Amino acid sequence: MTDRASSAMLERLRAVEWTGDWDDAVAHVMSRRVLMREYLRRAGMWAQAYSAESAWPFFDATAYVDPKFTLPPETETELQEFLGQATGGDSIKRTCAGAVRMAGLSAQDPLAGGDLPDLYEPLVLFYERGGEFLSDNAGFLDLTGVLLRPGTLQGHLGTPHLSSLEGAMLDALDAAGRITYYMAADRRGPLLRQRVVRGDQINEAFSRDSLHWAPTGALPAAAEKAADFGLVWLDEMEAADFIATALATPGL
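Rules used in this analysis
Residues numbered from 1 in each chain as written. Predicted model: local features only at pLDDT ≥ 70, side-chain atom pairs only at ≥ 80, totals over all residues. Heavy atoms only, no water. Helix = DSSP H or I, 4+ residues; strand = E, 2+ residues; numbered from the N terminus. Rg over C-alpha atoms; globule rule 2.2 N^0.38 Å. Buried < 20%, exposed > 50% of the residue type's maximum accessible area, 1.4 Å probe, protein only. Patch = residues over 30% accessible without salt bridge, like charges linked within 9 Å, V, L, I, M, F, W, Y side chains within 5 Å. Areas by Shrake-Rupley, 256 points an atom, 1.4 Å probe, with all protein chains shown as cover. Salt bridge = Lys/Arg side-chain N within 4 Å of Asp/Glu carboxyl O. Lys, Arg positive; Asp, Glu negative; His and termini not counted. Charge placed at Lys NZ, Arg CZ, Asp CG, Glu CD. Pairing = 2+ DSSP bridges. Core = buried A, V, L, I, M, F, W, Y, C linked by side-chain atoms within 4.5 Å. Contact = heavy atoms within 4.5 Å. Phe/Tyr/Trp six-rings, centres within 6.5 Å; stacked < 30°, edge-to-face > 60°. Lys NZ or Arg CZ within 6 Å of the ring centre and 35° of its normal.

Colleague: Explanation requested: the overall build of the protein chain in the structure shown.
Modeller: When its secondary structure is counted, the protein chain shows ten helices and eight strands. A compact globule built from 252 residues should have a C-alpha radius of gyration of about 18 Å, and the protein chain, at 19 Å, falls within 12% of that. Judged by the C-alpha coordinates and their principal axes, the protein chain covers about 60 × 35 × 30 Å. Counting the 252 residues in the protein chain, one finds 48% classified as buried.

Pasting the structure below:
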């Protein structure tokens, strides 16, 4: 069981186009940023639970959860061969190793990690939707098409969480332009977004009834004007979770 789970994760990572097509990565930039933020939040929870704060954010959690855990020798050899051929930096290699080992540990001991959310799934999905990330000299993560500052562990613990990582939700996030999300002040929906593409504003709505983006009326030109429209600005993580919930419970 341990070998099957860890081998399946290793196969997912082998299938990633680590230095893939730029246009494909950019097409998924919105979902990749949300996935990275969700990973950073979950990594903070795991690091705090297992006294691994100094290793956050990109670490192999199995060394802290169960230092005695080892993969079957054949799988460990295959993992090391993969890591030796991987083109990404040390942060990517550590998390790939962690994803494979944690898959095996979780199969061996379903109680490993307790009630903590799956640590590596957001990051593996991030890799699958466009490949690697890079770290620049200014402390930013280059997610291919957008920069993200990692910030602090404590800061990410307060990030709105995602209740689902379903592909349909991630696909619904991806769109061209600079995006701002809004919702009515009572938070009952629909979800509204304004995309600015080469200076043009595109206003759209996503409701529980339609479950897709459709043109809508005027939206604020800036987030600070939201109250003038009876709206509130939404963090992209809140917007993603609204979409996830709507897809799971359409029409409610």
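Colleague: How should I be thinking about a negative patch on the surface in this particular structure?
Modeller: A surface patch of negative charge is lined by Glu-17, Asp-21, Asp-23 and Asp-24. Tracing the sequence through the fold places Asp-24 in helix H2 (residues 22–27). Asp-24 gets classed as partly exposed once you look at its relative accessible area, which sits at 37%.

Colleague: Please explain the pairing of strand E4 (residues 178–184) as it appears in this structure.
Modeller: If a strand is regular, its side chains alternate between the two faces of the sheet. In terms of strand pairing, E4 meets strand E5 (residues 191–197) through five bridges, oriented antiparallel. Each bridged residue has a counterpart across the sheet, and for Arg-178 the counterpart in E5 is Val-196. Counting the residues between successive antiparallel strands, the hairpin from E4 to E5 contains six residues, one of them, Arg-187, with a positive phi of roughly 65°. Pairing analysis gives four bridges linking E4 to strand E8 (residues 231–234), with the strands arranged antiparallel. Residue pairing across strands places Ala-184 opposite Leu-231, the latter belonging to E8.

Colleague: Explain the nonpolar core here, please?
Modeller: One recurring pattern in soluble globular proteins is that nonpolar side chains are buried together. Counting 70 residues, the largest nonpolar core has Leu-13, Met-36, Tyr-39, Phe-59, Tyr-127, Phe-133 and Leu-191 as its most contacted members. Mapped by element, the contributors of at least two residues to this core are helix H1 (2–14), helix H3 (29–49), helix H5 (73–85), helix H6 (90–108), helix H7 (121–128), helix H9 (167–173), E4 and helix H10 (236–248). By residue number, the principal contributor to this core is H3, which donates ten residues. Discounting chain neighbours no more than four positions away, the residues touching Tyr-39 are Pro-57, Phe-58, Phe-59, Thr-95, Leu-119, Tyr-120, Pro-122 and Leu-123. Membership of the second largest hydrophobic core comes to six residues, among which are Tyr-182, Leu-219, Ala-226 and Leu-231.

Colleague: What is the right way to look at the packing of aromatic side chains in this model?
Modeller: Aromatic rings in a pair are described by how distant their centres are and how their planes are angled relative to each other. Applying the stated criterion across every chain yields a total of twelve aromatic pairs. With a centroid separation of 5.9 Å and an interplanar angle of 70°, the aromatic rings of Phe-126 and Tyr-127 are classed as edge-to-face. Classification of Phe-126 by relative accessible area gives buried; the value is 0%. Here a set of aromatic residues connected by ring pairs shows up, and it is made of Trp-18, Tyr-39, Phe-58, Phe-82, Tyr-120, Phe-126, Tyr-127 and Phe-133. Looking at Arg-149, its charged tip hangs above the ring of Phe-140, at a distance of 4.1 Å from the centre. Here Arg-193 stacks its cationic end above the ring of Trp-213, 3.9 Å away from the centre of that ring.

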